[in-house]
Every structure is written in C-alpha cells, then in structure tokens.
Amino acid sequence: MFVHFFHELKKANVPVSLREYLMLLEAMDSDVIERKVEDFYFLSRASLVKDERNLDKFDQVFGHVFKGLDLVTEGHETQLPEEWLKALTEKFLTEEEKAEIEKLGGWEKIMETLKQRLEEQKKRHEGGNKMIGTAGTSPFGANGYNPEGVRIGQKEGRHGKAVKVWDKREYKNLDDSVELGTRNIKVALRRLRKFAREGMPTELDLDDTIKSTAHHGYLDIKMVAERRNKVNLLVFFDIGGSMDSHIKLCEELFSAARTEFKNMEYFYFHNCLYEGVWKDNRRRHNEKMSTWDVLHKFPADYKVVFVGDATMSPYEITYAGGSVEHWNEEAGALWLERVAQIYESAVWLNPVPERHWEYTPSLQIIKQIMGDRMYPLTLEGLDKAMRELSR
C-alpha cells in the first residue's frame, strides 16, 4: 500500500523523492508514531511535502489511497483496533460509565457485536435498534440515541454519549488560489531575502574558530556580525472606500511584512497615488507628506509594493482634478509612472480575485502603467510578485 501511495503522489505531480519515501519507511519501522491513521497522515505529510502549495494534492491522494471506514465491501473482513478502542475506556470513561457498559454486556460484547453487524449489514438501515444505521436506538450508527455506543458516519456529537467515534477522517484542502493568512504570507515573503553581515561581531564563527585554532595550536575564537536581511521595502497601502472589505487581508499582509523586513517603510493613499501620502489615517488631512519628498528620501534600490484594488473612476487616474477628495494638480497616472521610472523593482498586489479584473477599466489602466506587474493577493500571486522583485 505504501508503494501505491508513493506512485499516486508522483502521478498527482507532488514532487516526492525516493529518499523521502525511504525516510518515511524508516520512521514507520522505528515506531516513531502510534499505529493511527491520523498520526501517519501528519508523519507522511511532514516527510513527503516540501512546499505548502502541494498540501491540497497530498490531501486528495491521501484520502483516495487510505479510505476511511465509510465503505464496507462484501467479502472483506473488517478489522477494528480493539486494543486501542478498549484503552480509551481507561482514559475517558468514569467508573459509573464503565458500569453502564458492563450492564449492556461489557466492552468485549459491544465490540464483538459491532464486528458482527458490520459483517452482516449490506445496505443502509434507518430507525432500528439493532443494525448500524441512523435515527434509531442501536448502539451503532448516527443521529439516534443510545446510552452508550459507537458513533459512525455522523458529523458531530449530539448527546455526548458515544464511547467511541469511529468515522472517516476528513482533511481540509489547501490550494494556491485561496486568500492568505499571516503565516502563509510570511512564507511567501521569504523569497524576497538577501542576507549580509554587518555591524558589531556578536556571533561565533565556528568554522573559522576551528580552522584558526588548529593553525595556531591554541583556542582562537572568531566572531562575525549578525546576518540581516538587506532588502529595503517601501509599501503603499490604498485605504478607505472599496478597500474596507479587504481590511483583514491587508492587516495580515502588513503584520507579516513588518516581521520579515526590518527595513520597511509604509504610507497610505486613497484610490490612486497623488502628490501627498500619509502615515496616520486619523490625521491624514493635517499631516500629509509630499510624495516627491518620499521618492527623494528612499533610494532606487528599494523594492516598492502597492496594495490596492485599483477600483475607481478612470478619471481619478488619467485627469488632473480627478481625485474624489481634493483637487490634484497632476493626474494620478503621472505619479505612478514616476514611481515606475525611479524604482526598477515595483509591483501591485490586488486583493480582488483575478477573474474579475477584466471588468474594471481603472484596474486595466493601472495594470498597464505598472507594466503588467499586478498580482492577486493569493499564495500563488504573492509568490510570483516576490520572484519579480527578486530579479
């Protein structure tokens, strides 16, 4: 079965290697986990999946290869981990509950009867007190009532009386088209890293210490400066209006970026970039900064990221005086072009799903100004944006 699992992963284009497969087998042979499907799921996922974008494919293959107990085919003996189930009584059941089970014939009697029912039953059963089914009083099944029993095929408990929940394990799919959480954003942003050592030597250089000690014949400790991410990031956030529905996602991006980049500066704008930006939305009318001053302050080696839905009237981009909040002396398109000319590495991240882009004229205008360097705020889109900025 494990060989079949390996081949199915390869067939699904999950990049698993023979070395990883052998490592999984070695871990299984060493009994690093208990013999439970959930433990094996996490062990095999940790061993075989190197990229979070492949988790969706892995889960689908896992669910296909290691099917749950929802189907009992004729002619196959159903084997239940009886020792494991029995051990649950010691962990979860009170003495009173154990006594109630004994009244029904004891644990062994319940499990023996369950095996017998699984072997006898060939179809769905509803409303009874014996077979495995629904809406009855049988100790086995779902959506019914029995003082204690084994719950099978029910989404969640209702009375809290089941002594064991025996059901198919479901895993939530992930794919690279879903909007991001803070953790996934951090993973994607890490593509944009260039480390260098600078500052005071505060870390031990083990290799150089060993080499120098061997050369001189005495302990010669060597220190080096801390490695720091040398990427400088300048972020412009669109705020207000249609962006209100994307606040949570933008907050997650902001939080992740502040964690990953020590040299990061940010400013706010509304709809389109004009002659003024601000740092505090509560004081944006009184404490604006000149966009020219910002562009002069931060040199051309900064990576620039715009975050906005680019959804507005086209006049707000192409005409002087087109802003909805003030009279702009120059068109917003002119300011965006200046940024693109000064900063070679600049992208636009759009929280609107890409399938809707073609229906928004203003979005198409900004996308053209940015040289088609507009990406959706998804795992795949952010990954592509970071690759673009890394060139």
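Residues numbered from 1 in each chain as written. Predicted model: local features only at pLDDT ≥ 70, side-chain atom pairs only at ≥ 80, totals over all residues. Heavy atoms only, no water.

## Details of the overall build of the protein
Counting its secondary structure elements, the protein contains 15 helices and 13 strands. For the protein, the residues scored as buried account for 42% of the 391 residues in total. Within the protein, counting contacts between residues at least 6 apart in sequence, those at least 24 apart form 62% of the total. Split by element, the accessible area of the protein, about 23,200 Å² in all, is 50% carbon and sulfur. (Helix = DSSP H or I, 4+ residues; strand = E, 2+ residues; numbered from the N terminus. Buried < 20%, exposed > 50% of the residue type's maximum accessible area, 1.4 Å probe, protein only. Contact = heavy atoms within 4.5 Å. Areas by Shrake-Rupley, 256 points an atom, 1.4 Å probe, with all protein chains shown as cover.)

## What to know about the sheet that holds strand β13 (residues 374-376)
The strand order across the open sheet built from five strands is β8-β7-β11-β12-β13, with neighbouring strands paired in parallel fashion. Two strands lie at the open edges of the sheet, namely β8 (264-269) and β13, each paired on one side alone. Taken over all neighbouring pairs, the strand axes of this sheet differ in orientation by 25° on average, direction set aside. (Pairing = 2+ DSSP bridges. Axes fitted to C-alpha atoms, helices over the stretch in contact; angles between N-to-C directions.)

## Some points on the pattern of salt bridges
In this structure the tally under the stated criterion is eight salt bridges. The shortest N-O distance in the salt bridge between Arg 338 and Glu 330 comes to 2.9 Å. Classification of Arg 338 by relative accessible area gives buried; the value is 14%. Where Lys 367 meets Asp 372, a salt bridge forms, and the shortest distance between an N and an O atom there is 3.2 Å. (Salt bridge = Lys/Arg side-chain N within 4 Å of Asp/Glu carboxyl O.)

## So, the pairing of strand β12 (residues 346-350)
Counting buried positions over the five residues of β12 gives five, a clear majority of the element. Covered by surrounding structure in β12 are Ala 346, Trp 348 and Asn 350 together with Val 347 and Leu 349, the residues of both alternating faces. Here strand β11 (residues 303-307) runs beside β12; their pairing, made up of four bridges, is parallel. Within β12, the position partnered with Phe 306 by the bridge is Trp 348. Taken together, the three bridges between β12 and β13 define a ladder with parallel strand orientation. The partner of Asn 350 across the bridge, within β13, is Pro 376. Read as a crossover between parallel neighbours, the route from β12 over helix α14 (residues 361-369) to β13 is right-handed. (Right-handed = clockwise from strand over helix to strand, strands pointing away.)

## Focus: the packing of aromatic side chains
Within this structure, the stated rule accounts for 22 aromatic pairs. Ring geometry for Phe 40 against Phe 62: centres 6.0 Å apart, planes inclined by 35°, an arrangement best described as tilted. Here Phe 62 lies in helix α4 (residues 55-65) and Phe 40 lies in helix α3 (residues 37-48), a separation of 22 residues in the sequence. The class for Phe 40 is buried, based on a relative accessible area of 7%. (Phe/Tyr/Trp six-rings, centres within 6.5 Å; stacked < 30°, edge-to-face > 60°.)

## With respect to the pairing of strand β7 (residues 233-238)
Most of β7 is tucked away, with six of its six residues classed as buried. Neither face of β7 is exposed, since Leu 233, Val 235 and Phe 237 on one face and Leu 234, Phe 236 and Asp 238 on the opposite face are all buried. Direction of pairing for β7 relative to β8: parallel, over a ladder of six bridges. Paired with Val 235 across the strands is Tyr 266, a residue of β8.

## Observations regarding empty space enclosed by the protein
Scanning all chains against the criterion turns up two cavities of 30 Å³ or more. For the largest cavity, the calculated volume is near 80 Å³. What lines the largest cavity is Phe 269, His 270, Cys 272, Leu 273, Tyr 274, Gly 276, Trp 278, Lys 288, Ser 323, Glu 325 and His 326. Each pocket or cavity is described by its volume, and for the second largest cavity that value is around 70 Å³. (1 Å grid on protein atoms, 1.4 Å probe; cavity = no way out; pocket = protein on both sides within 12 Å on 5 of 7 lines; lining within 4 Å. Points joined across faces, edges and corners; volume = space filled by probe spheres on them.)

## Points about the nonpolar core
Grouped together as the largest cluster of nonpolar side chains are 31 residues, with contacts concentrated most on Leu 234, Phe 236, Leu 273, Phe 306, Trp 348 and Ile 366. Going through the elements one at a time, β7, β8, α11 (291-297), β11, α13 (332-342), β12 and α14 are the ones with two or more residues in this core. Once residues lying within four places of it in the same chain are set aside, the contact partners of Leu 273 are Phe 236, Thr 291, Phe 306, Gly 332, Trp 335, Leu 336 and Val 339. In terms of nonpolar packing, the next biggest core, distinct from the first, is built from 28 residues, Leu 192, Leu 233, Met 243 and Tyr 375 among them. (Core = buried A, V, L, I, M, F, W, Y, C linked by side-chain atoms within 4.5 Å.)

## Examining the environment of Glu 265
For Glu 265, the location among the structural elements is in strand β8. For the pair formed by Glu 265 and Lys 279, sequence separation is 14 residues and the distance between their alpha carbons is 9.6 Å.

## A look at the confidence of the model for the protein
Parts of the model with low pLDDT should not have their predicted coordinates read in detail. Taken residue by residue, the protein gives an average pLDDT of 76. The fraction at 70 or more is 66%. Within the model, pLDDT remains below 50 along residues 69-78, and this stretch shows eight contacts once partners closer than five positions in the same chain are excluded. (pLDDT = per-residue confidence, 0-100.)

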